[in-house]
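Listed below, chain by chain, are the residues.
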Amino acid sequence: MIDNYGRNINYFRISVTDRCNLRCRYCMPEEGIDKIGHEDILRLEDFARIVKAATQAGIRKVRLTGGEPLVRKNIVQLVNYIAEIPMIDDIAVTTNGILFPVMAKQLKAAGLNRINFSLDSLNEDKFRYITRHDGLGKVKTAIFKALELGLNPVKINTVIIRGFNDDEIIDFVRLTHDYPLHIRFIEFMPIGDLLFWDKGRLMDVKAIKDIAEQHFALKAVSNIQGNGPAIYYKTEGGKGSIGFISPMSNHFCAQCNRIRMTADGMLRGCLYDKKETDLKPALSNPDDQELLRLILQTIKAKPARHLMNDGWGEENQRKMYQIGG
Ligand code: SAM
Ligand code: SF4
């Protein structure tokens, strides 16, 4: 459906859980989170029913995220439910990758098309520092498993934090040169555990690209399959690509094609905008008309742009792991 600003909204990002098996410093506090109660988290069948209703509003692509989507019990079953909805032509997952190696084949067989791994460091100690857990080996295994299974494209999301991993930009670019991997460098956003966010740690995409270009000649390429707002480049003769996502320095709201839902069924038109619509009451209605009405209403009310550079705001209660990054 075309929204009030002429944008075609066809992409639905769903947080299937607010739980996670890592504790990334910029995302979650070490002691964990105030979890959504089990009774409030939607059932797999509810997610699938909402996606089906959303197809009547023009949704064609779904991304499952979280929290960590692969810790959600029976996630493979949910991928399968969504894959069986005729109008859905693309199912993707964003994951930290820890559990992917043990469920990769089942996810692919259930209908998963694409996968994004989040990985901020290729160095064991730094990985442990930023995620507060071990597991770099498992994430590397996961990435190569995804390539082996033919998931395409396999993307890696890397949040660049000045003073932490800006010295690894070249190593990440080299990965895209050697393997058909698509790295997306993301600007650090003031969302999540704000104790770790600091303006001084924000590195804009221009500075990231400048570093990459000191070692590699990058040439712009047309969009790698996906629904994201990244601008893509390749190294000379490289197998993969490099993308830059700049929510802070150059917001891409004019091309925004998405709506989002939290694990407790709150629909949002924008990551930043705190306005939410509760879909749970509509689930007690045996037909999908009320669900569809609320989805259409959310699309119509999508704001023109986010105001993240003004800060996240105390009143903007939800965190990234609750909304789904
Ligand atoms: N657990 C999964 C994962 O890490 O891929 C999915 C959820 S996570 C919230 C989704 C993405 O949001 C990750 O790529 C993570 O790096 C990103 N993210 C979380 N907090 C962020 C922040 N403050 N700035 C930029 N990206 C952030
Ligand atoms: Fe978990 Fe993803 Fe947040 Fe890291 S970024 S704590 S993996 S939800």
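The notes below deal with the structure included here. (Residues numbered from 1 in each chain as written. Chains lettered and ligands numbered in written order. Predicted model: local features only at pLDDT ≥ 70, side-chain atom pairs only at ≥ 80, totals over all residues. Heavy atoms only, no water.)

**Focus: the pairing of strand 8 (residues 231-235)**
Reasoning step 1: Across four bridges, strand 7 (residues 218-221) lies against strand 8 in antiparallel orientation. Each residue of the ladder has a partner; that of leucine 218, found in strand 8, is threonine 235.
Reasoning step 2: Between strand 8 and strand 9 (residues 241-245), which pair antiparallel one after the other, the connecting turn spans five residues, and glycine 237 there sits at a positive phi close to 75 degrees. (Pairing = 2+ DSSP bridges. Helix = DSSP H or I, 4+ residues; strand = E, 2+ residues; numbered from the N terminus.)

**Describing the site of ligand 2**
Reasoning step 1: As a structural note, the neighbourhood of ligand 2 is formed by Cys20, Leu22, Cys24, Cys27, Gly67 and Asn96.
Reasoning step 2: Residues of the shell around ligand 2, tallied by class, amount to four nonpolar, two polar and no charged. (Near = heavy atom within 4 Å. Nonpolar A, V, L, I, M, F, W, Y, C, P; charged D, E, K, R; others polar.)

**Side note on the site of ligand 1**
Reasoning step 1: For ligand 1, the set of nearby residues contains 17 residues, the closest of which are Tyr26, Gly67, Ser118, Met189 and Ile191.
Reasoning step 2: Between ligand 1 and the protein, one listed contact pairs a nitrogen atom with a side-chain N or O atom of glutamate 68 at 3.1 Å.
Reasoning step 3: One of the backbone nitrogen or oxygen atoms of threonine 95 is found 3.3 Å away from an oxygen atom of ligand 1.
Reasoning step 4: When contributions to the shell around ligand 1 are tallied by element, the ones reaching two or more residues are strand 3 (90-95) and strand 5 (154-160).
Reasoning step 5: Counted by class, the shell around ligand 1 contains six nonpolar, nine polar and two charged residues. (Polar contact = N/O pair within 3.5 Å; in protein donor to acceptor, adjacent residues only side chain to side chain.)

**Quick look at helix 9 (residues 289-300)**
Residues lying three or four places apart along an α-helix face the same way, a consequence of the helix completing one turn every 3.6 residues.
Reasoning step 1: Between its terminal C-alpha atoms helix 9 stretches 16 Å, which fits the 16 Å expected from 12 residues at 1.5 Å a residue.
Reasoning step 2: Taken as a whole, helix 9 has its buried residues at Leu291, Leu292, Leu294, Ile295, Thr298 and Ile299. Looking straight down helix 9, one finds that the buried residues subtend no more than 165 degrees of arc, so they occupy a single side.
Reasoning step 3: Tucked into the core, helix 9 has its buried residues touching helix 1 (44-55), strand 10 (258-261), strand 11 (266-268), strand 12 (276-278) and helix 8 (280-283). (Expected span 1.5 Å × (residues − 1). Buried < 20%, exposed > 50% of the residue type's maximum accessible area, 1.4 Å probe, protein only. Arc of directions from axis to C-beta. Contact = heavy atoms within 4.5 Å.)

**A closer look at the environment of leucine 42**
Reasoning step 1: Tracing the sequence through the fold places leucine 42 in the loop between strand 1 (11-15) and helix 1.
Reasoning step 2: In the structure, leucine 42 is positioned 138 residues away from proline 180 in sequence and 36 Å away in space, judged by C-alpha atoms.
Reasoning step 3: Setting aside chain neighbours within four positions, we find leucine 42 in contact with Phe47, Ile50, Arg72, Met261, Ala263, Asp264, Gly265, Lys280 and Leu283.

**Here's the deal with the packing of helix 3 (residues 100-110) against helix 5 (residues 136-148)**
Reasoning step 1: Between helix 3 and helix 5, the shortest axis-to-axis distance is 9 Å and the interhelical angle comes to 20 degrees. With respect to each other, helix 3 and helix 5 are oriented roughly parallel. In this structure, helix 3 crosses over helix 5, and the sense of that crossing is right-handed. Contact residues: Phe100, Pro101 and Ala104 in helix 3; Lys138, Thr141, Ala142, Lys145 and Ala146 in helix 5. (Axes fitted to C-alpha atoms, helices over the stretch in contact; angles between N-to-C directions. Parallel < 35°, antiparallel > 145°, perpendicular 65-115°, else oblique. Left-handed = near helix turned anticlockwise from the far one by under 90°.)

**Quick word on the pattern of salt bridges**
Reasoning step 1: Within the structure shown, the criterion is met by 17 salt bridges.
Reasoning step 2: Between glutamate 168 and lysine 126 there is a salt bridge, and its shortest N-O distance comes to 3.0 Å. Residue glutamate 168 is found in the loop between strand 5 and helix 6 (169-178), and its partner lysine 126 is found in helix 4 (residues 124-131); the two are separated by 42 residues along the sequence. Accessibility assignment for this pair places glutamate 168 and lysine 126 in one class, buried. (Salt bridge = Lys/Arg side-chain N within 4 Å of Asp/Glu carboxyl O.)

**Considering the side chain of glutamate 168**
Reasoning step 1: Overall, the relative accessible area of 5% leaves glutamate 168 in the buried class.
Reasoning step 2: For glutamate 168, the side chain forms a polar contact with the main-chain nitrogen of leucine 122, separated by 2.8 Å.
Reasoning step 3: Look past the residues within four positions of glutamate 168 in its chain and what remains in contact with it is Asp120, Ser121, Leu122, Asn123 and Lys126.

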